[in-house]
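Reading the structure
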Amino acid sequence: MKKPSVIFLSFILLAGCSDIADRDFPTPEPAPAAVTDPQATVQTARLLANLRTTAESGRTLFGHQCSSLYGIGWSGDSDRSDVKSICGDYPALMGWDIGAIESGGDSNLDGDRFDDIRMRILESYARGGVTTIGWHTTNPVTGGTAWDTTPAVARIIPGGDLHDLYRGWLDRVAGFLASLRTADGVAVPVLFRPFHEHTGNGFWWGKGNCTAAEYVSLWRFTLEYLRDVRGCHNLLWVYSPDIVGSQDAYLEFWPGDEYVDILGLDAYDRTSWSLATDGVRLMRLLRHISHLRNKPFAFTETGIENNTAQPAWWTGTLLKAIESIPAAYVLVWRNKDSNHFFGPYPGCVSEEDFRKFVATDRILTEKDIAGIYE
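Residues numbered from 1 in each chain as written. Predicted model: local features only at pLDDT ≥ 70, side-chain atom pairs only at ≥ 80, totals over all residues. Heavy atoms only, no water.

1. Some remarks on helix α6 (residues 212-229)
Taking 1.5 Å as the rise per residue, α6 with 18 residues should run 26 Å; its terminal C-alpha atoms sit 25 Å apart, in good agreement. Among all positions of α6, only Tyr-215, Val-216, Leu-218, Trp-219, Phe-221, Thr-222, Leu-223, Tyr-225, Leu-226 and Arg-227 are buried. Where α6 is buried, its residues contact α4 (153-156), α5 (163-178), β6 (190-194) and β7 (235-239). Of the residues trailing α6, Gly-231 is marked for its positive phi of about 70°. (Helix = DSSP H or I, 4+ residues; strand = E, 2+ residues; numbered from the N terminus. Expected span 1.5 Å × (residues − 1). Buried < 20%, exposed > 50% of the residue type's maximum accessible area, 1.4 Å probe, protein only. Contact = heavy atoms within 4.5 Å.)

In structure tokens:
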């Protein structure tokens, strides 16, 4: 049976798990909803509203990084995705990365050509799909990768000696975002997720490599420059820490309600951190924070790398975790090759379970979200 489209989901209430967080946390009245861009395009504003109502209905968009560009055993094929090969439909949401665009090259840090990324984004939008973009930014001090943890934030925020360099980087980001337009001139809405996993110290913008005040300054300047100076009005801003243990830890680097559209979390299923147990407890906490801030929540990165041992991971682990909170979307990382994959692919151990996962009423693929920009 075809699942209801987003158009018909707007006023369906989430049933069965509405009291999960209430048993563990007080439930205060929500704060007023923040609006990061009063001039957001019509399609962008509608996307945020529909992500909220979809989540409130208990439905979650399924997302996969780089899903239509390459997969296990193929690269660059047209009209292809490992997800589509299994279930007959594309993911509702696809993730991309523009790391290295600041250097002015033709390809991102993974070697994916920006022209190819742009083409896949426009194809997805034409079908009704949703796009999220991250930015694994070069270290501006050393020229190293995002994982070069040499402190740099203080030098690129207003007043820093490398501030002009950073403004130039943002001009290149804005140029790419401006190129995401249809033949009719419609700007593709983008869930923009810069400076993620900042509660850990793995990136140069992470905790221990900058102060909370410096991070807030970086976030606010980036948003205001792209929005007010470069006129990027097709962005929804996604705040996505790594695994945290408390509300205070999640909000330690919070840039302000008016600077965030969607709350996110990056948390992978690993031997040292179980999505089935630790993840469910964390989802309850985030459900509380989502209510408190009156913003939709998304599971912005997750997955189990190279799954060869858990054939029921999709329904037995991931589905149970997101049932704890009305997540607007969930994104698993890319299928680079047989040594580095997170999504399903034909012949994998969890292929049949993935079909069951996307067949549930809770999980939405691309065809299920008709009207998400309406």
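2. Comments concerning the nonpolar core
Across soluble globular proteins, nonpolar side chains have a tendency to be buried as a group. Ile-133, Trp-135, Leu-191, Phe-192 and Leu-318 are the most contacted members of the largest nonpolar core, which has 108 residues in total. Residues within four places of Leu-191 in sequence aside, it is in contact with Leu-47, Leu-51, Leu-93, Val-130, Thr-131, Thr-132, Ile-133, Leu-236, Val-238, Ile-262 and Tyr-329. (Core = buried A, V, L, I, M, F, W, Y, C linked by side-chain atoms within 4.5 Å.)

3. Points about the state of the cysteines
In this structure the tally under the stated criterion is zero disulfides. The structure places no disulfide on Cys-66, whose sulfur is separated from the nearest cysteine sulfur, that of Cys-87, by 18 Å. (Disulfide = S-S within 2.5 Å.)

4. Regarding the packing of aromatic side chains
The full count for this structure, using the stated rule, is 27 aromatic pairs. With a centroid separation of 4.9 Å and 65° between ring planes, the pair formed by Tyr-125 and Tyr-373 is classed as edge-to-face. Of this pair, Tyr-125 sits in helix α3 (residues 114-127) while Tyr-373 sits in the segment after β13 (363-364); the two residues are 248 residues apart in sequence, bridging distant segments of the chain. Its relative accessible area of 10% is what places Tyr-373 among the buried residues. Ring centres of Phe-195 and Trp-205 lie 5.5 Å apart, and the angle between their planes is 70°; this geometry places the pair in the edge-to-face category. With a gap of ten residues between them, Phe-195 in the loop between β6 and α6 and Trp-205 in the loop between β6 and α6 connect regions that are remote in the sequence. For the residue pair Phe-195 and Trp-205, the accessibility class agrees, reading buried in each case. Taken together, the ring pairs in this structure connect Trp-135, Trp-147, Tyr-166, Phe-195, Phe-203, Trp-204, Trp-205, Phe-221 and Tyr-225 into an aromatic cluster. A cation over a ring is seen here: Arg-127 above Tyr-90, with NZ or CZ 3.7 Å from the ring centre. (Phe/Tyr/Trp six-rings, centres within 6.5 Å; stacked < 30°, edge-to-face > 60°. Lys NZ or Arg CZ within 6 Å of the ring centre and 35° of its normal.)

5. Structural notes on the confidence of the model for the chain
Residues with a pLDDT of 70 or more make up 91% of the chain, whose mean pLDDT is 91. The model gives residues 6-34 a pLDDT under 50, and that stretch makes 65 contacts with residues more than four places away or in other chains. (pLDDT = per-residue confidence, 0-100.)

6. Comments concerning the packing of helix α8 (residues 275-293) against helix α9 (residues 313-322)
The interhelical angle for the contact between α8 and α9, taken along N-to-C directions, is 20°, at an axis separation of 8 Å. One way to sum up the angle between α8 and α9 is to call them roughly parallel. Across the interface between the two elements, Leu-275, Ala-276, Val-280 and Met-283 of α8 pack against Trp-313, Thr-317, Leu-318, Lys-320 and Ala-321 of α9. Class assignment for the residues of the contact of α8 with α9 results in seven nonpolar, one polar and one charged. (Axes fitted to C-alpha atoms, helices over the stretch in contact; angles between N-to-C directions. Parallel < 35°, antiparallel > 145°, perpendicular 65-115°, else oblique. Nonpolar A, V, L, I, M, F, W, Y, C, P; charged D, E, K, R; others polar.)

7. Thoughts on unusual backbone geometry
One non-glycine residue, Asp-79, lies in positive phi territory at about 50°. Turning to its location among the elements, Asp-79 is positioned in the loop between β3 (74-75) and α2 (82-87). Of note, Glu-197 is a non-glycine position whose phi angle comes to about 55°, a positive value. Accessibility expressed as a relative area gives 15% for Glu-197, which makes it buried.

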